[in-house]
Amino acid sequence: MGAMPDPLPFTRRFLTRAEVSADGRTLHQIDPSAWDRFYRDRWAHDKVVRSTHGVNCTGSCSWQVFVKDGLITWEHQATDYPSVGPESPEYEPRGCPRGASFSWYTYSPSRVRYPYVRGVLLDLWREARQRLGDPVAAWAEITGDPGKARTYKRARGKGGFVRSTWDEVTELVAAAHVHTTKAHGPDRVVGFSPIPAMSMASFAAGTRYHSLIGGTLLSFYDWYADLPVASPQVWGDQTDVPESADWWNSSYLVMWGSNIPVTRTPDAHFLTEARYRGTKVVAVSPDYADNVKFADDWLAPHPGTDGALAMAMGHVVLTEFFRDREVPYFTGYARRYTDLPFLVCLEQRGDGYQAGKFLTSTDLGDDEESAAFRTVLLDDRTGETVVPNGTLGHRWSESGKGNWNLDLGDVEPALTLYRWADEHVPVDLPRFDEGAGEGGTTLRRGVPALRVGGRLVTTVFDLLMAQYGVARDGLPGSWPQSYEDSMQPCTPAWAEEITSVPAATTARIAREFARNAERSQGRSMIAMGAGTNHWFHSDTIYRAFLALVMLTGCQGRNGGGWAHYVGQEKARPVTGMQHLAFAFDWQRPTRHMAGTAFWYLASDQWRYEGFRADELANPLGKGLLRGKAFADCNAQAARLGWLPSHPTFNRNPLDLADEARRAGSSVAEHIVGELKAGRLRFAAEQPDDPANFPRALTVWRANLLGSSGKGNEYFLRHLLGTDAAVRSVETAESQRPHELDWTEDAPEGKLDLLTTIDFRMTSTALFADVVLPAATWYEKHDLSSTDMHPFVHAFNPAIAPPWQARTDYDTFLALADRFSALATDHLGTRTDVLAVPLAHDTPDELAQPGGRVRDWKHGECEPVPGRTMPKLVPIERDYAAIGEKMRAIGPLLDTLGTTTKGITYDVGPELAYLRSQNGVRGDNRPSLATAEHMCEAILALSATTNGRLAGQGFRTLERRTGTRLADLAEENEGKRITFEDTRKGPQPVVTSPEWSGSETGGRRYSAFVINVERDKPWHTLTGRQQFFVDHDWMIELGEQLPVYRPPLNMHSHFGDQTLGEDGRAEVTVRYLTPHSKWSIHSEYQDNAYMLALSRGGPTIWMSTVDAEKIGVADNDWVEAYNRNGVVAARAVVSHRMPAGTVFMYHAKDRNVNVPRTELSGKRGGTHNSLTRLLLKPSHLIGGYGQFTYAFNYYGPTGNQRDEVTVIRRRSQEVTY
Amino acid sequence: MRPMAQVAMVMNLDKCIGCHTCSVTCKQTWTNRDGTEYVWFNNVETKPGIGYPKHYEDQERWKGGWELDRKGRLRLRSGSRVKRLASLFANPDLPSIDDYYEPITYDYDTLLKAPAGPHTPVIRPKSALTGKDTAITWGANWEDDLGGAAEHAGGDPNLASLPPEAAERVRFEFERTFMFHLPRICEHCLNPACVSACPSGAMYKREEDGIVLVDQDRCRGWRMCVSACPYKKVYVNHHTGKAEKCTFCFPRIEAGQPTVCAETCVGRLRYLGLVLYDADAVTAAASVPDERDLLEAQRAAFLDPADPAVIEAALAAGIPADWLDAARRSPVYELAVRHRVALPLHPEYRTMPMVWYIPPLSPVLDAVSDMDGDNTDPDDVFHAIRDLRIPMEYLASLFSAGDVDVVAGVLMKLSAMRGYMRARTLDGTVADDLLTATGMSGADVERLYRLLAIAKYDERY
């Protein structure tokens, strides 16, 4: 398609005469009067500017913004995407109703036009500032005076904003940051901004600032519960998925918990269109969702039981396509690309066995380099054990160079030991559908086993067959007799009992799915999303899904595999983005923090537990979690170097460095010594000690309190210190954490300063101390990309930021300047020390062999930084130079280059280019003084947008794999996408080692295509896709293999939530918060168009059955409450909802049409007033293989779907 | 034969995802101003449902469209010219604002300006008409995704007209749920009731392209057009007091651009094209006695743009040659006439609407699929159209004056196309049996497939 579409092939010619039809029935054309000028004028415009929307939706759509008389009028989608090819639908016209309404915000009456500070704080500030002269001293006094601090903190969220000036607020915020850094530590200055891909320069501005001062940056993907923990567990890679045009290549597509038309609106057409190509489409959804409408089949399992359905489908696939009949395509794939043939040690358990660890070279007496990370399989031709190429041991060893690949040579891995077995032995396996508590129980089935090197082993495949209950002759244990056997996991009839999906339907869909994959060589796909990923045990649900696409050879095939579509993003130019965003050009690393763990402690949700982590342990565990509360697990993960933990220690890290200097020891030695002596503690053990409070929080590009903040009311009470509707009681003494200090009076108002940068008044803005006016997406330069399509887009200003709005980029530059000025006297140059967790895609993956948990605190080993505890890295910070460092690319890129996913790039030529393109500052450093400079630098330094780097990266990788890869980038080695290119139109990216798929030759992107086609290993222990994982805590949880775990039993943990007042009718129901049709998170829900098309405020969707129980009619006001809080909303009663489940669509903020509640007398809550956090221990694992930390790669999720709520009709008279 | 040209539209409901982008882009462009707050030239309804304005399809109540008098002659359902003149000042068939909805605004600036107080500031709904506090009780899209359907959707006139055995299958229960989305704009009818009803001569159909417009200078605000239009797609601007309606984006059409709703349709389901028709045949076609013959009568009034006689007559009538080219490449003509998969909305209104629809497929009822014992062949993945959730009688009530065979024929074609393409895509085989059942040739199927599935920009418009 050309730059502009062809015009309609006919145009207006004449306007001449009127004619009434002969029968007087109608009138054609009248005199050519000028009456129609009104419509013509309305359509007329002065210019059209290309931009996009920086909202967290993965759309990254190209829009045309119309401008008339200097005002933005409206926006329409651009249609000039590069073609997908003649045999496919195109990407045009990407967009959705929400984006189409965005321009409303530009001149909205609730637009933030000026800087604001709450009056009570501003008065305190002006008085102290005036009296003391020194802004830093002023902030110290206000926050150090309990009375003053309480006064302004209690006023949060209660109006009273006063207009200020940029000068005044910048000084206030900078003074707070300087004081916090000096008095408490830079890690107490916290920044929260999600999803760089949705506007990279705006993200980078704030993260670069925080990185340079040593602040803590919170992760978001895990916090949002969108991070599919199964992905790193199985693939050692975080979310790589097909672009939407690849759905077109699928011939069987299951939408499972992903409501594509609502949450991937611009892409949905590829699905409706693929149906005409013969693709079968199945919807799995508990309600009759928008996507069900165009599906062929609708399966409606009870919410949260999807894992059982997937396990039953796996049972059918293993039975019919592996046991009853061999499908060469499937077995060939399994041998080469999965861990199914690898050997697992069986450990004695009573009179039977249980699965232990992978057999490794070490077990075979081999002492070669990294032998403990070389996993073993059996050659089906010889019966000999073999360590194939491509294991983790090959990845990080000298001897592995050239051998980290999936080439099996002459070896034919044995999937099963059935023909080699010395004996058939019983193994105990976990099941969670039965048992008294969350930990479930066990069942016994058999596997063929062989003695190797003195150990009894079997294969992952044989264990999988047992886990899925696929019987084979001669194996001991209890097995289902048929699909109709409902007593035995994992038959279709067993799943029917759990899910309500008819067994015959389950079997039919599974059979069709696998058969389609067989016929098409892997073109069956499962699109999955929030509906299945927001659960506490979503990792088990997902592993059951992934098993289906791996067993059927679909992963790494165009048109096949998983398609995880919730919260996933793809900053295509990732290398440039992350190095500049985290200031890796000046210092490495930065204080990345796992968001969920941070908020869990900061908002004191850890104090309100009804059960402990050990209840989740399966009887197969060794008791490693015994007695542990969730917060204990987190504290252990912090000290073992698994997860980051910031604020880190109970002392200012700047002071720790000074102490070390005074003591004449290295900072690391000093800290280890202090920790061993018990004089220094991790802040995660004392979250309620004022020394460990996070003190200053800046939120930009986000709505923490109105959107993502699970346990909203706990945030309000403990973090902010204002009114909250928490009704929960604190943890009983017997259930409290052992390793955390418990203070009798829980702190309220931990945070000294909440700064929000936004263009609209969200809850986060309403509760902030300082609100800064941001430029909108039509008022700035920036970059956007997504994984739903392969293009990079520009933001462009259609108008300059109006009133006093500023771009995020300029806001943080100004803040950095003021910080530097104040720091000259107050801080100067200091040494900071970072505790850095064992990192993914580095040799840290070898730190803790076998995933065996050894805790130095309990004397099980020595505290060795980088091995048994976090690395301790000193960084010198010239605090007076922050402003200048923001504006220039630092020298580390010249010497260290850039590194992404273990591949290091030499970027010398790129820096030279940027010197001439952007100009230089200071010591000949390339400039980043403007957002355009930042965009240019991001593009130049990334392999997806710079073909030279792609070629270089592949050649580097080739030296490790010994396979051919560089040809993938050959066609584009001379291509470089500049910022100017992106401003002209959507720019397709280059195949690069930063990602796992290939666009080479115009292909559609699909994840892991390079692994499958080029024998490049996955970033896992075995180098293969892993069905089996063997970390100690995974054994503890009974999750070595895919397994069904039901939703948490909230009733048993927290008791009956009903108040039962006066016999009022109430109903307790599952509370789900799916993504809304009328907003992207909280964005757009306050927009006049979306309010007009929805019901004008918060609603709760409920079934006709539940509504009848409590006497609720459509549009009645209801209240929903549980121990976490209460919301007031209108009921939408619909028969498309299943009984027993209600929806309050995600991110219903409290700022539109929310009355006060009967229950609390206060303003009703957000959707998150009824949710709260729980940490799953397996999400905290680190230090071992793919279980190592990276920002947004691994970490506990802010899961939110296991909750229940009580609903009742309320008085229909409401007060606002 | 008197050839005339008309810009017409086809919407493929089978691809509509109910996203309402069309509504927003249209409203932003045309009606976000005083007097048109409640006006949506383009709106999207969830079916089953009563629609916007409420029950607009109930012509017993609103008296929209045409009927045949005892002599079989067309007359406006709203009565004679004399009767309409007599009721100029008290039109009994005019929807009130409550039949649409009370448009809402909010006291947005409260969020910034609220003084310090005991509660978190909130904005509350105000009537956009009076500025006073109000409670929201209905809206522009109240029934979206079956919201409140069990309470309201029983009033959908299409349900009332179902034969008893079909009505029996429609229950507002979870297990039997079905829905689809119906985007609607002005139909720009060949036989527009609004034009005929206008006492001021302000409404007219543009000669060169058939777009129906309201001359804002001539309109005197009598509102007869509002009641006469059976689709309720003429609105009163309560600020100017004049009628306004979808203009088919004529300033864009004249510049060779598609309408806003079409170009911004994310589902890529809208087709625009030129259709030639015989102006002399319209009255007769709209007057056929049996409602079920109206569809074929309208198709018969369309002229084959490849027919040399038509071309000759059209040129003689002053239709330019490039327009005739356009008519020959018209996707609307292809879908409506050549492939016969597009159908008019409520042909029984006799206005000869020019926005046509391809009816939607839907998932099967589980009960049906699992009662069959024959679903063991994993290669036979598609279901019979008789098992689909949306009762065909319901679709027939919308698109074929109740003639189920017409709707079934279209769904069969869509279904056969899918089966044919699946065989070709997976195995490279030709499923002749599917062709026979629908009377299509392989080339027909491939053409329909390209048009509906690949649907490139320049083939949609």
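See the structure shown above.
Residues numbered from 1 in each chain as written. Chains lettered and ligands numbered in written order. Predicted model: local features only at pLDDT ≥ 70, side-chain atom pairs only at ≥ 80, totals over all residues. Heavy atoms only, no water.

A. Spotlight on the pairing of strand 13 (residues 343-349) of chain A. Residue and element names in this part refer to chain A. Direction of pairing for strand 13 relative to strand 19 (residues 455-459): antiparallel, over a ladder of 3 bridges. Bridge pairing in strand 19 links L343 to T459. Pairing of strand 13 with strand 14 (residues 352-358), which is carried by 5 bridges, proceeds in the antiparallel orientation. Paired with R349 across the two strands is G352, which belongs to strand 14. Adjacent in sequence and paired antiparallel, strand 13 and strand 14 are bridged by 2 residues, among which G350 carries a positive phi angle near 60°. (Pairing = 2+ DSSP bridges. Helix = DSSP H or I, 4+ residues; strand = E, 2+ residues; numbered from the N terminus.)

B. Spatial organisation of the pattern of salt bridges. Inspection of every chain in the model, using the stated rule, returns 136 salt bridges over all chains. With its nearest N and O atoms 2.8 Å apart, the salt bridge here joins R460 of chain B to E92 of chain A. Of this pair, R460 of chain B sits in helix 23 (residues 457-460) while E92 of chain A sits in the loop between strand 5 (71-77) and helix 2 (97-100), on two different chains. According to the relative accessible area criterion, E92 of chain A is buried, its value standing at 1%. One salt-bridge network, held together by shared partners, links R639, R681, E685, E739, D741, D855 and K857 of chain A. (Salt bridge = Lys/Arg side-chain N within 4 Å of Asp/Glu carboxyl O. Buried < 20%, exposed > 50% of the residue type's maximum accessible area, 1.4 Å probe, protein only.)

C. View of the layout of surface pockets. What the largest pocket holds in volume is close to 1300 Å³. Taken together, 47 residues line the largest pocket, and the ones lying closest to its centre are Q578, F584, H592, A1190 and F1191 of chain A. Of all the elements in the fold, those that place two or more residues in the lining of the largest pocket are helix 19 (574-581), strand 22 (591-593), strand 28 (829-836), strand 29 (871-878) and strand 30 (898-900) of chain A. Among the elements that take part in the lining of the largest pocket, helix 19 of chain A stands out by supplying 4 residues, more than any other. Looking at the lining of the largest pocket residue by residue, the classes come out as 23 nonpolar, 15 polar and 9 charged. The residues that make up the lining of the largest pocket include at least three from each of domain 1 (116-226 + 575-858) and domain 2 (1053-1209) of chain A. In this model, the second largest pocket occupies a volume close to 820 Å³. Residue lining of the second largest pocket: 36 residues in total, with W104, A1088 and Y1089 of chain A together with N32 and E37 of chain B positioned closest to the centre. Broken down by secondary-structure element, the contributors of at least two residues to the lining of the second largest pocket are strand 5 and helix 38 (1088-1093) of chain A together with helix 1 (21-31) and strand 5 (104-106) of chain B. Its residues placed into classes, the lining of the second largest pocket shows 20 nonpolar, 9 polar and 7 charged. (1 Å grid on protein atoms, 1.4 Å probe; cavity = no way out; pocket = protein on both sides within 12 Å on 5 of 7 lines; lining within 4 Å. Points joined across faces, edges and corners; volume = space filled by probe spheres on them. Nonpolar A, V, L, I, M, F, W, Y, C, P; charged D, E, K, R; others polar. Domains from an automatic or database assignment.)

D. Examining the sheet that holds strand 13 (residues 343-344) of chain B more closely. Residues and elements named next belong to chain B. Here 4 strands make up an open sheet; going across it, the order is 12-1-14-13 and the pairing mixed. A strand with exactly one partner marks an edge of an open sheet, and here the two such strands are strand 12 (270-278) and strand 13. Pairing analysis gives 4 bridges linking strand 1 (residues 3-12) to strand 14 (residues 355-358), with the strands arranged parallel. Opposite N12, over in strand 14, you have I358 as the bridge partner. Where helix 17 (residues 331-338) meets the sheet, its contacts fall on strand 1, strand 12 and strand 14, and the angle it forms with strand 12 comes to roughly 70°. (Contact = heavy atoms within 4.5 Å. Axes fitted to C-alpha atoms, helices over the stretch in contact; angles between N-to-C directions.)

E. Fine view of the interface of chain B and chain A. Listed as interface residues are 145 residues of chain B and, on the opposing side, 143 residues of chain A. Of the roughly 12400 Å² buried at the junction of chain B and chain A (both faces included), carbon and sulfur atoms supply 56%. When residues of chain B are sorted by the area they lose upon contact with chain A, Y108, L112 and F174 of chain B head the list and together hold 7% of the total. Run the count over chain B and chain A and you get 14 salt bridges. Taking the shortest distance from any N to any O, the salt bridge between D144 of chain B and K1077 of chain A comes out at 3.0 Å. Put simply, chain B and chain A have 61 residue pairs in polar contact (both at pLDDT 80 or more) between them. Looking at which element gives the most residues to the side of chain B that touches chain A, the answer is helix 1 of chain B, with 8 residues. Across the side of chain B that touches chain A, the residue classes break down as 71 nonpolar, 35 polar and 39 charged. (Buried area = accessible area lost by both parts, 1.4 Å probe. Polar contact = N/O pair within 3.5 Å; in protein donor to acceptor, adjacent residues only side chain to side chain.)

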